[in-house]
Structure formats: structure tokens, C-alpha cells
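Secondary and tertiary structure notes
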Amino acid sequence: MKLEEVLFSAYGFSSFRPGQREVIEQVIKGKDVVALLPTGMGKSMCYQLPAHILPGTVLVVSPLLSLMQDQVAQLKKMGEKSVVAINSFLKPQEREKIWQTLGSYRFIFISPEMLVQPFVKKQLEKIRVSLLVADEAHCISQWGFDFRPDYLRIAEILPILKFPQVLALTATATEKVTQEIKAYLKLDEPFIYKHSMDRKNIVYDIKKFEDSRQKLEWLTSFVRKSAGPGIIYAGTRRKSQELAAILMDQGISASYYHGGMEHQDRVFVQQQFQNGELDWVCSTNAFGMGVHISNIRHVVHFQLPTSVEGYVQEVGRAGRDGEAALATLLYAEGDEGLLQSLVMDELPTRHEIQQVASHPARADQLVADGIVRETALRVIAYWLSRLSESETLRQMDFLQSEKIKQVDKMKKLVNLESCIREYIIECFDQHLKGKPENCCVNDGIDYTVFGKPQAKPQKVVLESWQNRLNALLP
DNA sequence: CGGTCATTCATTAGTGAATGACCGGTGCCCTAAT
């Protein structure tokens, strides 16, 4: 059967999007693949379609529980019944049942943390996995080194699964990140598909101010005269709430989102935004992954992101529909401060490493006493189980210097006098092929194309059935 | 770096200024306590 026929019979699509065919062909041939496809290019089809041709299960490593739930729901909606997410949402009974029937699933979604647990490994050993997928594979290098070290351990599952082929998917990866993905997933000679990272319909703007008050004044007047939906990225949780409050005061439809909120509140905000009931979300960098909304017109950065990669990911959430979208980066003197210090705090300190190394049995106590941070302990434990204390210290120094380089690239972007699009693409080790007419602040921007806020239809208030019935009756 | 919170001080009573310490973002896990 031809691929198009499978595509049509299983999913009802009649043609592939750019890149999909190339990637899927290689997967079916049995190659390992690293695929860099921009947001909104149908990455998930790259493993969904092969699942209908390969004999065994497709195991998908996914970074967020909410993303997993989403993907499962989406597959079920398309009529796929044999799909499951293994995570902490499961009740013990459900979990027990899943272990019993594990081999019968066509798709299994799992977090890296769950994947490396000994019991889970033992369960997965019993089944036939044809394809291991690392979804959002840039997380390996974005989070693996300082935040979620289990991301560096995904390859441990390969011998247990008797070396299935591997597919790594991401929208943003520099050459360095691509190499790290290859190294940590133990891919010898993968087929690498790289789509251009450039998003032609995104226009890059930078606004500079003397202090944060001016920034705020600009933001409120900008939001009032701009068409949503839009995301405003703030540097801290508190700031995201503050900005949302200020906008709401002006009668603008806005809310906030950050990692410190209750899970259900986060889900609620995201859904409101996706349903078009909310024009603006003020958030930390927690917001965005797994947000499927195609018509985001604006992404504003109220503070600097910590890397160009992070910036591109956040900006990339705009304009998935292909229509013009504006990315505005706001800068006030002194803004680098927060950036610098956040980045300095990311990695375990020398003191933390030395404490854990000299009291390995009391590590948990060190966390309880507030001497070592919990995240730091996990990162230290990962490295100390592989390297000596002095090697670990050296590794952290090295990672620190890499982070400083990333921050410097971001600082350079703010002060750029040449084309921003060109600079960004070069940060991703690619070359720009042709500039759009509306390009960036340094090449001149036509602001008229991004739309003005529309008069919203009055919100429909759902009446109770009694009231509606009464209204119908004379 | 910049904002916030706690402490200190002067002093005769509850507050207000000044100083210094501290913190800031991203998520999985099924733990222990309700």
C-alpha cells in the first residue's frame, strides 16, 4: 500500500505536509531519524502513520503530562482505541490493568522520569516496541543538564527494548542541540531532516525604554489598540499576575498563567484561551508547549528570555495559521540583571556538589535542611553516579560557561543594528534564504497588517433551561 | 538588577524611615500528612 493511501484511510488526509513524507519514509525503512519541523507542521503524523505499518508498539516520551493527555485524547478522537498514557494521574487499579495488557497498545505515552524507573523498565521489557519517539526532543538539552536529568537517561531503555529504531522530533534545535540529541539517544548515523527554522510571517520588533514604568505604559496602550489573541511573557510569576491585573483593569480580556498555580486553574486558562474566550495571557515561560491555537497575532516579551532558543520557541507560537504575526521584545535598562542571576542559579553550586559528595547517604536530609535544593540534588546525583566529584565540578563549570554564552547571544540580539531575522537564523546555524517584505525593526515594519481589535459580540450567557423555557412560552 | 519583606531604631506608643537579606522560571515523581 502506498503511504498516501495509509494517510487517507487512517487519517483522512490526502497529501503530506512538507517534511512529513521524507521523515516517514525513513522511519518505515528502519532508519533512526532526527526531524526538525517547525511548529504546526504536523510532527505527530511522523509517528502516527508508521504505527499503522510497523509491527509493534510506538512508545512516545513526552515532556508534559498535559501534553500526553492531549495527544491521547486527540488519537482517541480519531478513532484510535489502543492508546494509553502512563503517568501519575493513573489510579493504582488502572495502572495494574495497564501492566496486564501493555502489549495490546499501539501507542504508549510516558514521561522520562517514569521511563527510567526499574519497575517500568521491567514491564516494558515484556512487550514488542518498534519505535521509540522522543517528542520535543530539544528538552534533552534544554532541561536534561540542569532541571530534569532523567531526560539524559532515555537511552537506558534501548537495550531493554532490544534496540528499536528511534525518532526524535523537535521544532527548534541548533547544531549543538542536534548533536546532543544524537549523543544522548545513542544514534550513530540517523537520517537528519532539517526544515528551515525561519518563519516568514513572524515580524520581529524591539522596543527600548529607560525604565519599567515606560515599558508598562507602552504595553497597555499597545494591547488596547492591537488584535488578539496574544501572549505576554513576563520574567516572574508575580509580574505575570501584575500585568494581567493591569490589563483587566482597563477592561481588556486577559488572564495569567504560571507554574505556581493549581493544576486545574492552569487547565482552565489554557482552555479559555484556546476557545477564544480570552484575548491575552500574561505568563511565565511555563505557557506555550501544547497550546494549539493557530491565530495568535502577538507575542510580547515584557522581559528578556534566557536564550535565543527559548525566545524562538515562545515567538514561534504566533502565526501558525500563516497570517502575519508580530513578536515584540521590550527592553529597559538593567533588564539583563534578572536574566543573569536566574541563569546563575540554574545549576547546582560548588557548595551543593561538595555537600552531596561528602555525605552521599544523607542527601535527602541535606534537601530537608535547605542546604541543597531538590532539583540540584537530582542533577548532582546524575553526574556523581557517572563522574568523580572533581569531574562533576568541572562539568558544572563547563555548563555554566555555556549558559553565559547563551545569555550573551540574547543580549546581543537586543542591541542588534542589523537584521534580526538573519541573526536568529544564524544562531540556529542556518542561512537565511530570502527576506519577507515585512521583516524586522531594523529593516522597517509595516504595522498595519496585524489587525485591530474587533468589537466583540456580547458574551452569550447560558440561561437555565427553566428561564429559556419561560421565554419561549407566552 | 529590582522589588519585597523583615529588622532595626528612635523613643514614652504606635508609626515611619532606613537598612539589609533574599529571591526570582521551566516538571516529573507517589511521599507523608490530613
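Residues numbered from 1 in each chain as written. Chains lettered and ligands numbered in written order. Predicted model: local features only at pLDDT ≥ 70, side-chain atom pairs only at ≥ 80, totals over all residues. Heavy atoms only, no water.

**Some points on the UniProt feature "domain: Helicase ATP-binding" (unreviewed entry) in chain A**
Rules: UniProt positions are given in the numbering used here, feature names are shortened, and annotations may be inferred rather than shown by experiment. A run of H or I in DSSP becomes a helix once it reaches four residues, and a run of E becomes a strand once it reaches two; helices and strands are each numbered from the N terminus.
UniProt tags residues 24-191 as "domain: Helicase ATP-binding" (unreviewed entry). Helix makes up 38% of residues 24-191 and strand 18%. Its end C-alpha atoms lie 11 Å apart.

**Some remarks on the protein's contact with DNA strand B**
Going by this rule: Proximity is defined per residue: any heavy atom of the residue falling within 4 Å of a molecule or strand makes that residue near it. Two N or O atoms form a polar contact when they lie within 3.5 Å of each other; inside protein one atom must be a possible hydrogen donor and the other a possible acceptor, and for residues adjacent in sequence the pair counts only when both atoms belong to side chains.
The local shell around DNA strand B holds 35 residues, among which L65, S88, R237, T284 and E346 are the closest. Across the atoms of DNA strand B situated within 4 Å of the protein, the share located in sugar and phosphate is 57%. At 2.7 Å, a backbone N or O of G259 approaches a phosphate oxygen of DNA strand B. The contact in question runs from a base oxygen of DNA strand B to an N or O atom on the backbone of L342, over 3.1 Å. Those elements giving two or more residues to the surface near DNA strand B turn out to be α6 (112-115), α12 (237-249), α15 (336-346) and α18 (374-384).

**Thoughts on the sheet that holds strand β2 (residues 57-61)**
Rules: Only strands that DSSP links by at least two bridges are regarded as paired with each other. Helix axes use the C-alpha atoms of the stretch in contact, all axes being lines fitted to C-alpha atoms, and the angles between their N-to-C directions lie in the range 0 to 180 degrees.
Ordered in space as β3-β4-β2-β5-β6-β1-β7, the seven strands form an open sheet in which the pairing is parallel. The sheet is open, and its two borders are formed by β3 (83-86) and β7 (191-194), each paired with just one other strand. Between one strand and the next, the sheet's axes are offset by a mean angle of 15°, whatever the strand orientation. Both strand β1 (residues 33-36) and strand β6 (residues 165-170) contribute to a ladder of four bridges, which runs parallel. Note that in β6 the partner of A35 across the bridge is L169.

**With respect to helix α14 (residues 308-315)**
For clarity, the threshold we go by: When accessible area is computed with a 1.4 Å probe and restricted to protein chains, residues below 20% of their type maximum are described as buried, those above 50% as exposed, and intermediate ones as partly exposed.
Of all eight residues in α14, eight are buried; the element is thus mostly enclosed. The complete set of buried residues in α14 reads V308, E309, G310, Y311, V312, Q313, E314 and V315.

**What to know about the pairing of β1**
Burial along β1 is two-sided: V33 and A35 facing one way and V34 and L36 facing the other are all buried. Examined bridge by bridge, β1 and β7 share four bridges and lie parallel to one another. Residue pairing across strands places L36 opposite K194, the latter belonging to β7.

**As for the packing of aromatic side chains**
Note the following rule: Working definition: rings of Phe, Tyr and Trp (its six-membered ring) pair if their centres are within 6.5 Å, and the pair is stacked with planes under 30 degrees apart, edge-to-face with planes over 60 apart, and tilted otherwise.
By the definition in use, this model includes 11 aromatic pairs. Taking 6.4 Å as the distance between ring centres and 10° as the angle between the ring planes, the aromatic pair formed by F145 and W383 counts as stacked. With F145 in the loop between α8 (139-143) and α9 (157-160) and W383 in helix α18, this pair connects stretches of sequence that are 238 residues apart. For F145, a relative accessible area of 9% corresponds to the buried category. The exposure class assigned to W383 is buried, which follows from its relative accessible area of 6%. The interplanar angle of 85° and the centroid separation of 4.9 Å between the aromatic rings of Y382 and W383 together place this pair among those described as edge-to-face.

**Observations regarding the domain arrangement of chain A**
Quick note on the threshold: Bear in mind that the domain bounds are from an automatic or database domain assignment. In this description, contact between two residues means that some pair of their heavy atoms is separated by no more than 4.5 Å. By definition, the buried area sums, over both parts, the 1.4 Å-probe accessible area that each loses when the two are put together. A carboxyl oxygen of Asp or Glu within 4 Å of a side-chain nitrogen of Lys or Arg is what we treat as a salt bridge.
Parsing chain A into structural domains produces domain 1 (3-194) and domain 2 (202-338 + 408-472). Between the C-alpha centres of domain 1 and domain 2 the distance comes to 30 Å. Each partner contributes to the interface: domain 1 provides 19 residues, whereas domain 2 provides 13 residues. Overall, the association of domain 1 and domain 2 removes approximately 1,200 Å² of surface from exposure, summing both partners, and the carbon and sulfur fraction of that is 60%. Sorting the residues of domain 1 by area buried against domain 2 places T39, T172 and T174 first, and these three jointly supply 35% of that buried surface. The tally of links from domain 1 across to domain 2 stands at zero salt bridges. Listing elements by their share of the side of domain 1 that touches domain 2, those giving two or more residues are α4 (65-77), α8 and α10 (175-184).

**Considerations on the pattern of salt bridges**
Counted by the stated rule, this structure contains 26 salt bridges. Of the charged contacts, one joins E80 and R106 as a salt bridge, the two residues approaching to 3.1 Å between their closest N and O atoms. Here E80 is found in the loop between α4 and β3, whereas its partner R106 is found in the loop between α5 (92-100) and β4 (107-110), with 26 residues between them in sequence. Looking at E80, the relative accessible area reads 10%, which means it is buried. Between K403 and E346 there is a salt bridge, with the nearest N and O atoms lying 2.8 Å from each other.

**Section: the UniProt feature "domain: Helicase C-terminal" (unreviewed entry) in chain A**
Following the UniProt record, one finds the feature "domain: Helicase C-terminal" (unreviewed entry) at residues 215-364. Its end C-alpha atoms 43 Å apart, residues 215-364 is made of 43% helix and 16% strand.

**Comments concerning the side chain of D198**
Relative to the elements of secondary structure, D198 occurs in the loop between β7 and β8 (202-209). The exposure class of D198 is buried, given its relative accessible area of 11%. Looking at D198, its side chain comes within polar contact range of the side chain of K200, at 2.6 Å. Polar side-chain contacts of D198 include one of 2.9 Å to the side chain of R421.

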